[in-house]
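Take a look at the letters that make up each chain.
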Amino acid sequence: MSIDETEIIGVEELSDPKLRFEEFLKTFQDRVTGKFKYRERIRRMIITGMKSLVIDFEDLYMYDSDLARTLINQPDTMLAALSEAIRSLAEIEDPEYVKTIDKFYPRIKGLPNVVRIRDIRSDHIGKLIMIEGILVRATPIREKVVKAVFRHMHPECGQEFMWPPKGEMGEVIEYPLFCPLCGKSGGSFKLVPEKSKFIDWQKIVIQERPEEIPSGQIPRSIEAVVTADLVDKARPGDRVSLTGVLRIKQTGKKKASIGIFDIYLDVNYIEASQRLLEEVEITKEDEEKIKELAKDPWIHKRIIASIAPTIYGHWDIKEAIALLLFGGVPKQAEDGTRIRGDIHVLLIGDPGTAKSQLLQYAARIAPRGIYTSGKGATAAGLTAAVVRDKSTGEWYLEAGALVLADGGMAAIDEIDKMREEDRSAIHEAMEQQTVSIAKAGIVARLNARSSILAAGNPKFGRYMKDRSLAENINLPATILSRFDLIFVLKDEPDSKIDYLMAEHILRVHKEIELVKPDIPASLLRKYISYARRYVRPKLTDEAIKLLQEFFVEMRKMSEAQESSRRETPVAITPRQLEALVRLAEAHAKMALREYVTIEDAEEAIRLMKAFLESVGIDVESGKIDIDIIMTGKPRSQQEKLSIIVDIIENETLETDYGCVYMKKIAEKAREYNISEDFVERALRILRREGTIYEPKPHCYAVVK
Ligand code: ADP
Ligand code: ZN
Ligand code: MG
């Protein structure tokens with residue numbers, strides 16, 4: 001159904017709309033069930049103690065198209081008439097209930113045309129329109145006066161009166177200019193709150209959905225006001241569909257006769273869309289194609305080859321991205337504990353190794369994918385923030401990238417440059433997949449159930465092979481350990497690979513259409529949505545056994561290491577075991593399989609090993625120690641380092657020049673069985689960390 005624009009414009013005043021609405025509510029019958037739909041809804045409204053009634057626009061349009069069109073064009077008078085019509089019908093059902101209600105709210109759902117936020121124009125002012133987008137900001141709920149009682153503070157009057165005399169208060173409170181009772185304008189007017197009427201009020205901001213934004217453009221947004229039962233119906237991060245009357249914002253200053261006005265949507269109905277994934281439409285034909293594809297024994301290879309086909313090589317990374325796009329299976333325990341199914345992958349690499357390209361590609365193919373930079377495109381950054389609107393001074397809760405990507409995936413480029421606030425909040429976002437915030441009176445917990453594909457640049461410009469992962473990137477170990485897989489991309493000249501890569505890149509440049517993906521991007525996106533929506537693979541006993549053996553084996557290796565070297569390294573942790581399960585589940589999902597087989601488990605293990613090798617761990621020799629990978633310091637080393645710091649601290653007190661010479665430190669360290677070699681290295685590490693400094697050559701002091 002679609003309404004022609006020319007039809008809408010120029011509709012005459014309708015006679016007695018209230019009666020026509022009453023007719024509609026009374027006699028409209030559902031086509032399928034034959035039931036009197038709105039009589040029933042009114043009955044339910046009364047029983048549940050509500051005062052708003054949802055009306056499907058389509059019903060009204062089918063019943064009385066003139067009435068429906070006038071509703072769009074003159075929403076204010078028509079909604080008032082409809083509200084009265086609801087009252088009349090409710091009165092028949094329950095006159096006592098009706099007496100307790102000041103006003104019934106008709107809620108109009110589902111207009112035929114959705115206006116894109118960037119297409120909103122002056123023609124829409126005063127009209128009922130429907131928009132869709134993401135709720136990005138919301139103020140706390142406030143109370144707005146709709147019917148005020150004022151007391152005239154003039155010494156000769158002191159009387160109270162209702163204001164405004166007719167109708168309700170608009171966006172701005174208009175103070176009375178003179179007293180309607182005594183006629184004088186002198187003396188002030190004071191609001192009497194206990195006698196005035198208020199409704200819940202909240203301002204929100206709706207932004208275009210990422211998939212609607214033309215590439216290279218900044219997202220547009222519009223302010224909206226929700227009142228009464230509509231407040232808090234949706235939260236920042238929610239995808240919403242809403243109808244409302246487009247209004248211009250009055251500044252409150254009567255003299256603003258000429259000027260530029262801001263617009264906002266006075267919301268009539270709001271609905272948070274049934275979140276996860278349903279935006280990707282899958283037809284019956286698509287479903288057949290998807291099932292056919294899944295039968296191919298080479299399906300895994302075909303999907304991986306279809307990821308960023310213009311990028312040469314990086315097979316394991318592309319596989320990791322594919323697994324991330326499909327995701328594992330989230331688990332919810334009875335007590336509410338939740339284990340995430342989302343897979344997080346981090347790429348650390350030299351400049352120009354196609355990291356950004358891979359991320360952008362993944363964000364395009366992922367259902368509900370977002371590409372952002374660690375620095376954050378908005379004030380809310382990666383998680384969320386309470387921000388103050390510059391022009392109005394109002395506080396808002398604003399959703400960041402991970403909340404906006406809820407149910408999908410967030411590609412975060414240059415994650416090493418993220419803001420301090422995000423650095424602490426991202427831990428919760430990665431593991432519990434929520435973002436909690438409490439500031440300026442706003443307390444909220446938002447969902448951030450998204451997988452993260454992040455990329456970072458090495459701290460020293462290039463990845464240093466002889467240094468640990470943690471030393472190479474400006475991210476704390478606590479964040480690193482939350483990634484399921486981490487890969488290092490090194491830009492090392494290798495004439496054989498370089499030749500092939502050059503050939504590939506040049507071919508891409510010559511004829512871009514030649515590097516079509518095996519599975520077209522649109523079909524792959526549908527395939528992924530389908531798998532995420534319908535496939536929940538279960539672990540088989542064989543797969544469990546294999547994962548268990550691998551885990552125990554890896555733990556044992558570090559045990560053996562411990563007894564031989566008298567050190568206490570931390571082996572791979574249960575975190576990695578959970579990661580293996582997710583990867584194996586995702587691998588099964590890629591073939592739309594209901595069970596996680598031994599092959600899926602093997603592939604998960606292969607990738608985990610590829611990750612460990614990529615970050616410089618020799619898996620076969622058994623020198624595996626997550627602590628070294630993450631912090632660059634095995635536990636014992638950590639202990640030795642703190643002994644050295646203590647030595648410097650204590651010895652500095654013994655001198656009068658404020659530092660301790662290297663020779664002295666080494667001498668003292670020998671008492672603890674720490675070699676001079678180690679001391680030299682330790683001093684370098686501690687200086688780089690900023691724990692100590694060198695006020696004079698070879699003389700060290702602890703930074704206070
Ligand atoms: P990074 O984000 O890692 O610094 P970019 O994604 O910006 O790198 O890549 C730089 C350029 O080099 C891009 O145009 C990319 O297509 C190209 N490039 C780098 N590595 C490859 C590769 N393996 N295959 C094809 N193109 C590549
Ligand atoms: Zn008066
Ligand atoms: Mg880059």
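Placed above this text is the structure.
Residues numbered from 1 in each chain as written. Chains lettered and ligands numbered in written order. Predicted model: local features only at pLDDT ≥ 70, side-chain atom pairs only at ≥ 80, totals over all residues. Heavy atoms only, no water.

### Here we look at the packing of helix α19 (residues 574–590) against helix α20 (residues 598–614)
Part 1 of the reasoning: With their axes 8 Å apart at the nearest point, α19 and α20 run at an angle of 125 degrees to one another. One way to sum up the angle between α19 and α20 is to call them oblique. Along this stretch, α19 crosses α20, giving a crossing that reads as right-handed. Where α19 approaches α20, its residues Gln 576, Ala 579, Leu 580, Leu 583, Ala 584, His 587 and Ala 588 are matched on the opposing element by Asp 600, Ala 601, Glu 603, Ala 604, Ile 605 and Met 608.
Part 2 of the reasoning: Grouping the constituent residues of the contact of α19 with α20 by class yields nine nonpolar, two polar and two charged. (Axes fitted to C-alpha atoms, helices over the stretch in contact; angles between N-to-C directions. Helix = DSSP H or I, 4+ residues; strand = E, 2+ residues; numbered from the N terminus. Parallel < 35°, antiparallel > 145°, perpendicular 65-115°, else oblique. Left-handed = near helix turned anticlockwise from the far one by under 90°. Contact = heavy atoms within 4.5 Å. Nonpolar A, V, L, I, M, F, W, Y, C, P; charged D, E, K, R; others polar.)

### Brief notes about the site of ligand 1
Part 1 of the reasoning: The local shell around ligand 1 holds 14 residues, among which Tyr 312, Gly 352, Lys 355, Ser 356 and Gln 357 are the closest.
Part 2 of the reasoning: Contacts to ligand 1 include Lys 355, whose side-chain N or O atom sits 2.7 Å from an oxygen atom.
Part 3 of the reasoning: Taking Ser 356, its side chain carries an N or O atom lying 2.7 Å from an oxygen atom of ligand 1.
Part 4 of the reasoning: Mapped by element, the contributors of at least two residues to the shell around ligand 1 are α11 (355–365) and α16 (495–510).
Part 5 of the reasoning: Ranked by the residues each element gives to the shell around ligand 1, the list is headed by α11, at three residues.
Part 6 of the reasoning: Along the lines of polarity and charge, the residues of the shell around ligand 1 split into six nonpolar, six polar and two charged. (Near = heavy atom within 4 Å. Polar contact = N/O pair within 3.5 Å; in protein donor to acceptor, adjacent residues only side chain to side chain.)

### With respect to the pairing of strand β17 (residues 409–413)
Part 1 of the reasoning: Counted residue by residue, β17 has five buried out of five residues, so it is predominantly covered.
Part 2 of the reasoning: Burial along β17 is two-sided: Met 409, Ala 411 and Asp 413 facing one way and Ala 410 and Ile 412 facing the other are all buried.
Part 3 of the reasoning: Summarising the sheet, strand β14 (residues 369–373) and β17 pair through five bridges and their orientation is parallel. Looking at the pairing, Ser 373 lines up with Asp 413 of β17.
Part 4 of the reasoning: Relative to strand β20 (residues 451–456), β17 runs parallel, the two sharing four bridges. Bridge pairing in β20 places Ala 411 opposite Leu 453. (Buried < 20%, exposed > 50% of the residue type's maximum accessible area, 1.4 Å probe, protein only. Pairing = 2+ DSSP bridges.)

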